[in-house]
Each structure stands twice: as structure tokens, then as C-alpha cells.
Amino acid sequence: MDFISILSIFVLACFVGYYVVWSVTPALHTPLMSVTNAISSVIVVGALIASASAAVPGSKWLGLVAVALASVNIFGGFAVTQRMLSMYKKKERKDG
Amino acid sequence: MAEAAATPAWVLLAYLIAGVCFILALRGLSNPESSRRGNITGMIGMTIAIVTTLATHQIASLPEIFGAMVIGGGVGLVTARKIQMTAMPQLVAAFHSLVGMAAVLVGAAAYLNPEAFGIADMVGHIHQVSRIEMGLGVAIGAITFSGSVIAFLKLNGNMSGKPILLPLRHPINLGILVAILGLIAYFVTDQGPWVFFTIVGLSFAIGFLLIIPIGGADMPVVISMLNSYSGWAAAAMGFTLHNTAMVITGALVGSSGAILSYIMCRAMNRSFLSVIAGGFGAVSSGADAAAIDRPYKRGSAEDAAFLMKQADQVIIVPGYGMAVSQAQHALKEMADKLKAEGVRVKYAIHPVAGRMPGHMNVLLAEANVPYDEVFELDDINSEFAQTDVAFVIGANDVTNPAAKTDKSSPIYGMPVLDVEKARTVLFVKRSMGGVGYAGVDNELFYRDNTMMLLSDAKKMVEEIVKALG
């Protein structure tokens, strides 16, 4: 893909992000932060590419460390978000 | 550009689908009901991205990669399960620092082995566009890392929340920033290691220098800002690797953090630049010495219990103090007792209450407070006038009426909760001596309709629960 196509995707995604995030209810701003944390660890893709190639050992090890760090975030981020979201409950209607 | 032609269409499509999953994950957060489904969509997106990457690359050693994922994933899962909800701001800061570090490491790996990433020409020179993207990516990543580490230390209490003001910090910071940008430009013509690693080093330094002068209660802005940076770092890496999933995610996270910073700044009536410049609340003591002698009414737990039992409606205003003393569960018990007496109980939350956006909501949710009893500033502010008791627990500056009337006050113009309009204000505070974060005395303490409940927040609430019988 050339630079301009990627730039187009990027700019459009910024707009999508703008509208989607404004629609997030303020009560869920903390889960928003933890889930954005988890998804920004998609950077693991780059880490995997680096650690898959054995051509340059230094690069491979940097990649492996990055895989580990990003994994902390991916698993931890999604899990803690799920834990928080499961706490948000509506009023129980126990009439009578 | 051999790699562009070699990438099959289905791979590009898979990354695009992963990106769409992430958009849906955020979209789900518009409502607590849809949020859990959204989070699972996010996990699916991440799985697609990882599997696609592993399936399309020649992998020298799968066990090592697997090991790294298991170690990291295990640490993440255990932390996510064990962490106290009150420690959520620290955890988020720590997670940000990991994203930042991962970006730096990926950038460094790509620099050392550009062939693996398909960003080098035949003789091993990295494409010039890729150099700029890479330079920006590692710079933002490094700033995110060191900034988040400082934010973590401040939030976790390992470092004083007070602003640390170095002399000449503005010229120094500006100088480093210009140097980083200059080096990234120079990197295009010279891909020598010293250029690359100087960029990384200077960026670590400026992340550190940018965050140390910022005080504890400005952390909601800082943490949102670092959230944003972690997104831009991922996006820059996505540009380097020509990966749509990373670019889309980076844009989403970047704008998410930026919007949250904006919301937080607006809620404090401060400009983003003034928060970043730091030092707010550093000059606090001295001016308020005279104010401490003013007369105020002090009440007991029994008085508070009596007043609230008689009320038709009580609005609870929680703040950072509630989080510090872990009073949320006792508070819920108190609310239940009051509801049993026929009192309507609501919660009013200021956007900057606590140390991160939505901090109070999570703590109340943890204590099983139904989310439809919890209201935002704009939705509930008009109700204080028809409310019998406003119960302020651990909040201070966000209730200060001076923000509306006193033009000389540092918090003038900040939107505040109109608690003073309630018939009675019960104000739980540890002692009369301390001032809020902004370093200003709160006019509210000395009003006729205010009763001060001087004690630790949790202890006071427990005593009230006892008095309610």
C-alpha cells in the first residue's frame, strides 16, 4: 500500500474515532481507557514480525520482549475491562 | 516495494476486519448494556490480527514467541484479576507505559532488521518515508513510556503528587523537542545508529521532564494525554509497517485520549497548555492562614443520620477522598439504609472527581451502586435546589461556590456542583486545616447551611450507618 492510501485510512479513522468516542457515556470513561490500552497493543503485530525473523538476533530479541510487553497489555487490558464492565448493573426492581 | 505486491488481498482484508472490530469495541461503550459485547468484539479483533500475522510470516521459532505471549499474558491476567478498583489509575498508567515501550522496541527492531519489515531497498537502506514514520513512532513511544512511568509513580504514591518545578524547564523542554524534530529530519539523510538512538534517548528524557512538574489532581488530563500518545505511537508504527489494523487503532486511541483530555480540561476550565505547563497548586500554603479561624458548624454522625433520615432526597457527591479511604462500600450500605427509610438517593459526579476520567463511576459500580442512580454534573446540577441534603464525601474544589463568584480565585469559571443550594450540606472532611488541590479555601465550609463532619471518610460513613440503626 502506498503512503497516500494509508494516510486516507488514518484520516478517516480519526473522524470515526472522534464521533465514536463522543458517544461513549462518561460513566464508562475508565473502561474506555483500559480498552483503548488493550487495542493499542495491536502493535504486537510489529513485535511478532520482528521476532519471527531470525536474520538479526538483536532485532529478534527486541521483538520477543515487545511481544511479552504487548501481551501483558492485551490480556490484562481486556480482562480488567471485562471485570469493570461486569460491575455496572441497573437498579434491581424488587417490588413487593 | 516488493512486499506490497506480495501481500495477498485476504491479509489486507483481515487487518481491516480487525480494525473494524476495534471500532465496534469502542462503539459498545455508549451504553453499559452493550459494552460487554463490545469488549468481546475487541478481543476477536485482536485474535484476528495476531493469527493473521503469524500465518503470513516465516517463523523461525514459534515456541519462543509463544513463551513470550504466555509470560506476558499471564502477568496481565493475574494483575487484571487482583488489582483493586481504587488502583485503576495506576494500572492504566502502567499499561500506557508498556504500549510506549513496545512501540520503541518494535521501532528499534525494525531499524536493526528492516528487511523483515519490507521497508528496505536492495542495499539495506531504509525507505526515506519509513525513516520519518519510524522516527516519529519511537519518539512518541518513548515519551509515552517515560511520561507514564512518572504518572504511575505519582498515582501510586511512590513519588510526591506535588509538582516538581525545575528552573528553566520551559526553554529546556522546548530545546529538546526541537532537537528531536531536527534529528528526525536529519534521519532521512543519515540512517546512522547514533541518530536513531539519540532520538530515543532524548524522547525518554522529555517524557520524564514533561510530567514531573504536573501535580496530582491534574492527573486526569495527564493520563488521558498519555492515552492519546500511546495511540499516535501505534499509528506511526502502523504507517511504518503498512498495517491498516494498527493505523485504524492508533487513530481511534489517539482521538479517544485527545477527547478525554479536552473533556477534563473543560471540566477544570483550564487550557490544555496551562495543564501541560504544570505547577498548578504548587503555591498553596500561607494565604489561607487567616481563613482557618472562621466559625463553622461541626456535626456528629448522629446529627447527620437524623438529618438524612428526615430528607426526601439526598444527593451524594463523591471525590478522590472517597477512593483514598475506600469508603464506597460503606457508602452503599448507608444509601441502602436511607432507601429503606423512604429517602431518594442519587449520586452526582463531577468529571474531574478522582484521578482519571470515570474513576468515581467505577468505584460506585464496584460497590454495587446501580448506574442509573449515578448522574453527571449537567444532568443533576439543577436538582440541588430541590434537595434536602447534599452529602459531600472526599470532594472539595468541585463544590466550591467561589468558582462561580470570586473572579480572583484560581478556580474561577470552573463548572462546579451547586451543592450549596441544597437545604443542608453535610461535608465529610478529615480536618479543617487542609485545602483542596487548587490551594484555595472553600467558602462552603462556613455557610449557615453547612455541617462539617470531621473524620476519615470511611469511619464517618460507618458511624452514620450505625446511627441509622
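For the structure itself, consult the block above.
These lines cover the structure that appears in this document, whether it is placed above or below. Since the structure is predicted, the reported quantities are computational estimates derived from the model, not experimental observations. (Residues numbered from 1 in each chain as written. Chains lettered and ligands numbered in written order. Predicted model: local features only at pLDDT ≥ 70, side-chain atom pairs only at ≥ 80, totals over all residues. Heavy atoms only, no water.)

1. Description of the overall build of chain B
And then number 1: Broken down by element type, chain B carries 19 helices and 6 strands.
And then number 2: A total of 469 residues make up chain B; the buried ones form 59% of that total.
And then number 3: In chain B, the proportion of contacts linking residues at least 24 apart, taken out of those at least 6 apart, comes to 78%.
And then number 4: When the accessible surface of chain B is split by element, carbon and sulfur atoms take 63% of a total near 18,200 Å².
And then number 5: Between the mean site of the 31 positive side-chain charges and the mean site of the 34 negative ones, chain B shows a separation of 4 Å. (Helix = DSSP H or I, 4+ residues; strand = E, 2+ residues; numbered from the N terminus. Buried < 20%, exposed > 50% of the residue type's maximum accessible area, 1.4 Å probe, protein only. Contact = heavy atoms within 4.5 Å. Areas by Shrake-Rupley, 256 points an atom, 1.4 Å probe, with all protein chains shown as cover. Lys, Arg positive; Asp, Glu negative; His and termini not counted. Charge placed at Lys NZ, Arg CZ, Asp CG, Glu CD.)

2. Describing the packing of helix 8 (residues 169-187) of chain B against helix 9 (residues 193-211) of chain B
All names here are of chain B.
And then number 1: Put simply, helix 8 and helix 9 touch, their axes get as near as 9 Å, and they point 155° apart. Here helix 8 is positioned roughly antiparallel relative to helix 9, judged by the angle of their axes. Helix-helix and strand crossings are classified by hand; for helix 8 and helix 9 the assignment is left-handed. Mapping the contact onto sequence places I172, N173, I176, L177, A179, I180, L183, I184, Y186 and F187 in helix 8 and W194, V195, F196, T198, I199, L202, S203, I206, L209 and L210 in helix 9.
And then number 2: Considering only residue class, the contact of helix 8 with helix 9 consists of 17 nonpolar, 3 polar and no charged. (Axes fitted to C-alpha atoms, helices over the stretch in contact; angles between N-to-C directions. Parallel < 35°, antiparallel > 145°, perpendicular 65-115°, else oblique. Left-handed = near helix turned anticlockwise from the far one by under 90°. Nonpolar A, V, L, I, M, F, W, Y, C, P; charged D, E, K, R; others polar.)

3. Points about the packing of aromatic side chains
And then number 1: Under the definition given, this model contains 15 aromatic pairs over all chains.
And then number 2: Summarising the aromatic geometry, the rings of A:F10 and B:F239 are spaced 5.3 Å apart at their centres and angled 70° between planes, so their arrangement reads as edge-to-face. In this pair, A:F10 sits in helix 1 (residues 3-22) while B:F239 sits in helix 10 (residues 219-241), so the two residues belong to two different chains.
And then number 3: The buried category is assigned to A:F10, whose relative accessible area is 17%.
And then number 4: Taken together, the ring pairs connect A:F3, A:F10, B:W232 and B:F239 into an aromatic cluster. (Phe/Tyr/Trp six-rings, centres within 6.5 Å; stacked < 30°, edge-to-face > 60°.)

4. Some points on the environment of B:V247
Residue and element names in this part refer to chain B.
And then number 1: Mapping V247 onto the fold places it in helix 11 (residues 244-268).
And then number 2: You can call V247 buried: its relative accessible area is 1%.
And then number 3: Remark: the alpha-carbon pair of V247 and Y15, spanning 232 residues in sequence, is separated by 10.0 Å.

5. Observations concerning helix 3 (residues 44-52) of chain A
And then number 1: In terms of residue burial, helix 3 of chain A counts as a mostly covered element, since 9 of its 9 residues are buried.
And then number 2: Taken residue by residue, helix 3 of chain A has A:V44, A:V45, A:G46, A:A47, A:L48, A:I49, A:A50, A:S51 and A:A52 as its buried positions.

6. Side note on the nonpolar core
All names here are of chain B.
And then number 1: Counting 191 residues, the largest nonpolar core has M308, L331, M334, F391, I393 and I464 as the members making the most contacts within it.
And then number 2: Here this core gets 15 residues from one element, more than from any other, and that element is helix 5 (residues 88-112).
And then number 3: Among residues more than four places away in sequence, those in contact with I393 are I316, V317, P318, G319, M322, A327, L331, V428, A457 and V461. (Core = buried A, V, L, I, M, F, W, Y, C linked by side-chain atoms within 4.5 Å.)

7. Some words on the interface of chain B and chain A
And then number 1: Contacts between chain B and chain A engage 104 residues on the former and 81 residues on the latter.
And then number 2: Carbon and sulfur atoms supply 77% of the area that chain B and chain A bury against each other, a total of about 8,200 Å² over both sides.
And then number 3: On inspection of chain B and its partner chain A, the count reaches 1 salt bridge.
And then number 4: A salt bridge links B:E64 to A:K60; the nearest nitrogen and oxygen atoms lie 2.8 Å apart.
And then number 5: Applying the counting rule to chain B against chain A returns 21 residue pairs in polar contact (both at pLDDT 80 or more). (Buried area = accessible area lost by both parts, 1.4 Å probe. Salt bridge = Lys/Arg side-chain N within 4 Å of Asp/Glu carboxyl O. Polar contact = N/O pair within 3.5 Å; in protein donor to acceptor, adjacent residues only side chain to side chain.)

8. Things to note about unusual backbone geometry
Residues and elements named next belong to chain B.
And then number 1: One non-glycine residue, N269, adopts positive backbone phi at about 55°.
And then number 2: The phi dihedral of Q326 is positive, around 55°, even though this residue is not glycine.
And then number 3: Structurally, Q326 is set in the loop between helix 14 (320-325) and helix 15 (328-340).
And then number 4: Taking relative accessible area as the criterion, Q326 reaches 28% and is therefore assigned partly exposed.

9. Overview of the environment of A:R83
Residue and element names in this part refer to chain A.
And then number 1: Tracing the backbone shows R83 in helix 4 (residues 57-85).
And then number 2: With relative accessibility at 26%, the residue R83 sits in the partly exposed group.
And then number 3: Sequence separation of R83 and M33 is 50 residues, and the distance between their C-alpha atoms is 14 Å.

10. A short note on the side chain of A:S59
And then number 1: Tracing the backbone shows A:S59 in helix 4.
And then number 2: Of the residues examined, A:S59 reaches a relative accessible area of 0% and is grouped as buried.
And then number 3: Non-local contacts of A:S59, meaning those with residues more than four positions away in its chain, are made with A:A50, B:A109, B:L112 and B:N113.

11. Section: the pattern of salt bridges
All names here are of chain B.
And then number 1: Applying the stated criterion across every chain, the model contains 11 salt bridges over all chains.
And then number 2: The closest approach of N and O atoms between D336 and K339, which form a salt bridge, is 4.0 Å. Placement of both D336 and K339 in helix 15 is noted, with a separation of 3 residues, approximately one turn of the helix.
And then number 3: Notably, a salt bridge pairs K421 with D418, separated by 3.6 Å at the nearest N-O pair.
And then number 4: A single salt-bridge network, built from bridges that share partners, covers K332, D336, K339 and E373.

12. What to know about the packing of helix 2 (residues 29-40) of chain A against helix 4 of chain A
Residue and element names in this part refer to chain A.
And then number 1: Relative to each other, helix 2 and helix 4 sit at 155°, their axes nearing to 7 Å. Between helix 2 and helix 4, the angle falls in the class roughly antiparallel. Note that helix 2 runs across helix 4; the crossing there is left-handed. Across from T30, P31, S34, V35, N37, A38 and I39 in helix 2, the residues of helix 4 making contact are N73, I74, G77, F78, V80, T81, M84 and L85.
And then number 2: Of the residues contributing to the contact of helix 2 with helix 4, the split by class is 9 nonpolar, 6 polar and no charged.

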